[in-house]
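Descriptive analysis of the structure
Each chain, written out:
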Amino acid sequence: MWKMVKYCFSVFLRNLTPNHVAFILDGNRRYARLHSFESVIDGHKKGAEVVLNIIPLLKSLGIKYVSLFIFSRDNFLRKGEVENMMELLHRNFHKEKQWLYNLNAKILISGDMNLLPENIKAILNEIVNETKDKNEMILNLCCAYSCSTEIETSLRTFSKEFVDIREDIKDNNHRNVMKSTKLGCITDRNKLFYVKFEDLYDCDVDSHILNYKLKIREFWQCLYNPQIPPPKILIRTSGETRLSDFLFYQACFNTKIYFIETLWPAINRFTIIFVIIHYLLFYN
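What you see is a predicted model, and the numbers here were worked out from it, not measured in a lab. (Residues numbered from 1 in each chain as written. Predicted model: local features only at pLDDT ≥ 70, side-chain atom pairs only at ≥ 80, totals over all residues. Heavy atoms only, no water.)

Details of the overall build of the protein chain
Along its length, the protein chain carries 10 helices and 8 strands. Scored against the burial criterion, the 284 residues of the protein chain give a buried share of 48%. Taking the intrachain contacts of the protein chain between residues at least 6 apart in sequence as the baseline, contacts between residues at least 24 apart amount to 75%. (Helix = DSSP H or I, 4+ residues; strand = E, 2+ residues; numbered from the N terminus. Buried < 20%, exposed > 50% of the residue type's maximum accessible area, 1.4 Å probe, protein only. Contact = heavy atoms within 4.5 Å.)

With respect to a nonpolar patch on the surface
Taken together, the side chains of Ile277, Leu281, Phe282 and Tyr283 define a hydrophobic patch exposed on the protein surface, amounting to about 440 Å² of accessible area. One can find leucine 281 in helix 10 (residues 269-282). (Patch = residues over 30% accessible without salt bridge, like charges linked within 9 Å, V, L, I, M, F, W, Y side chains within 5 Å. Areas by Shrake-Rupley, 256 points an atom, 1.4 Å probe, with all protein chains shown as cover. Salt bridge = Lys/Arg side-chain N within 4 Å of Asp/Glu carboxyl O.)

With respect to the packing of aromatic side chains
As enumerated under the stated definition, the model contains 11 aromatic pairs in all. Aromatic side chains phenylalanine 71 and phenylalanine 76 sit 5.0 Å apart centroid to centroid with 80° between the ring planes, which places their arrangement in the edge-to-face category. Consider the rings of tyrosine 249 and phenylalanine 253, whose centres lie 5.6 Å apart with planes at 90°: the pair is edge-to-face. A relative accessible area of 2% places tyrosine 249 in the buried class. Between lysine 256 and the ring centre of tyrosine 258, over which it is positioned, the NZ or CZ distance is 5.5 Å. (Phe/Tyr/Trp six-rings, centres within 6.5 Å; stacked < 30°, edge-to-face > 60°. Lys NZ or Arg CZ within 6 Å of the ring centre and 35° of its normal.)

Structural notes on the packing of helix 4 (residues 79-95) against helix 6 (residues 118-130)
Where helix 4 contacts helix 6, the two axes come as close as 10 Å, and the packing angle between them is 30°. The angle between helix 4 and helix 6 places the two elements in the roughly parallel class. Every pair of crossing elements has a handedness; the one defined by helix 4 and helix 6 is left-handed. Along its contact with helix 4, which presents Met86, Leu89, His90, Phe93 and His94, the element helix 6 presents Asn119, Ile120, Ile123, Leu124 and Ile127. When the residues that make up the contact of helix 4 with helix 6 are grouped by side-chain class, the tally is 7 nonpolar, 3 polar and no charged. (Axes fitted to C-alpha atoms, helices over the stretch in contact; angles between N-to-C directions. Parallel < 35°, antiparallel > 145°, perpendicular 65-115°, else oblique. Left-handed = near helix turned anticlockwise from the far one by under 90°. Nonpolar A, V, L, I, M, F, W, Y, C, P; charged D, E, K, R; others polar.)

A short note on the packing of helix 3 (residues 40-60) against helix 4
Where helix 3 meets helix 4, the closest approach of the two axes is 11 Å, and the angle between their N-to-C directions is 30°. When the axis of helix 3 is compared with that of helix 4, the two are roughly parallel. Considering the relative orientation of helix 3 and helix 4, their crossing is right-handed. The residues of helix 4 that touch helix 3, namely those facing Val40, Ile41, His44, Lys45 and Ala48, are Glu81, Asn84, Met85, Leu88, Arg91 and Asn92. Its residues assigned to classes, the contact of helix 3 with helix 4 comprises 5 nonpolar, 3 polar and 3 charged.

Some details on the pattern of salt bridges
Within this structure, the stated rule accounts for 12 salt bridges. In this structure, the salt-bridge partner of aspartate 26 is arginine 236, at a minimum N-O distance of 2.8 Å. In this pair, aspartate 26 is assigned in the loop between strand 1 (20-24) and helix 2 (28-34) and arginine 236 in strand 7 (residues 233-236), connecting sequence segments 210 residues apart. The same class applies to aspartate 26 as to arginine 236, namely buried. Put simply, glutamate 87 and arginine 91 hold a salt bridge, and the shortest N to O gap is 3.4 Å. On the criterion of helical spacing, the pair formed by glutamate 87 and arginine 91 is a turn pair, its members being 4 residues apart in helix 4. With relative accessibility at 35%, the residue arginine 91 sits in the partly exposed group. Overlapping salt bridges bring together Asp26, Arg30, Arg236, Glu240 and Arg242 as one network.

Some remarks on the UniProt feature "transmembrane region" (unreviewed entry) in the protein chain
UniProt's feature table lists "transmembrane region" (unreviewed entry) at residues 263-282, given in the numbering used throughout. A distance of 25 Å separates the end C-alpha atoms of residues 263-282, which is 70% helix and 0% strand. (UniProt positions renumbered as here; feature names shortened; annotations may be inferred.)

Focus: the sheet that holds strand 3 (residues 105-110)
With parallel pairing, the 6 strands of this open sheet are ordered in space as 3-4-2-1-7-8. Because the sheet does not close on itself, it has two edges, and the strands there are strand 3 and strand 8 (256-259). With direction set aside, neighbouring strand axes in the sheet form an average angle of 20°. Judged from the 6 bridges that link them, strand 3 and strand 4 (residues 137-145) form a sheet pairing that is parallel. (Pairing = 2+ DSSP bridges.)

Laid out in structure tokens, this is it:
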């Protein structure tokens, strides 16, 4: 059965499959509690095993880019789990290092590496360096990641100075702009920026609020890994219907978001295939 499914994809759908699929790997802790594991870390271990099964599947289906939300910046607030999670991450990266090399995929890291322990930074840098010339797939590991931090960092890179418009908010013209449904708001502490989200490849955006001409294409080049296109599909498991600060800017560009009830450790390859077929039939 599985060989037949793979054959159908390789013959008929390989050139149509989405080029980028992103995952929020949610539900590991609930899975551990549901199955009465000794520790929630055991749920994360089970989730890591699923990753090892899903990535080769995606590669065989011809998907070029895969992004995995493996550790949120907000997870550092869980003081009781952070140390165990860091230990698990280091052990998994060290254990599966050869598996990553054999995957023949380029490994990229998105996130604030400065927040990670030195031993994890060292092994991630080693993996990134060893796979930099691979080209069959690009695997984007989002570790210590938050999209709001990525946007803030990118804005600081993109613009040399910030525009404080707090005193101008009362102006009627600015009020009208703020009410426009075509404008998105990015807040950086006490600085406000209003950016019109146009098409990524056809955009010269003028705003009288900003004192410079904002080009979305140039801003995109300031993201963590600008060579990665916006995801075509974003999948979140466990039934939660929010993005949790994951790629919400990138998902503005025609991303189809699937919220799946299944917990991540319980997900299987047929669920992934069903999502991709659904996307191809109704959204491609």
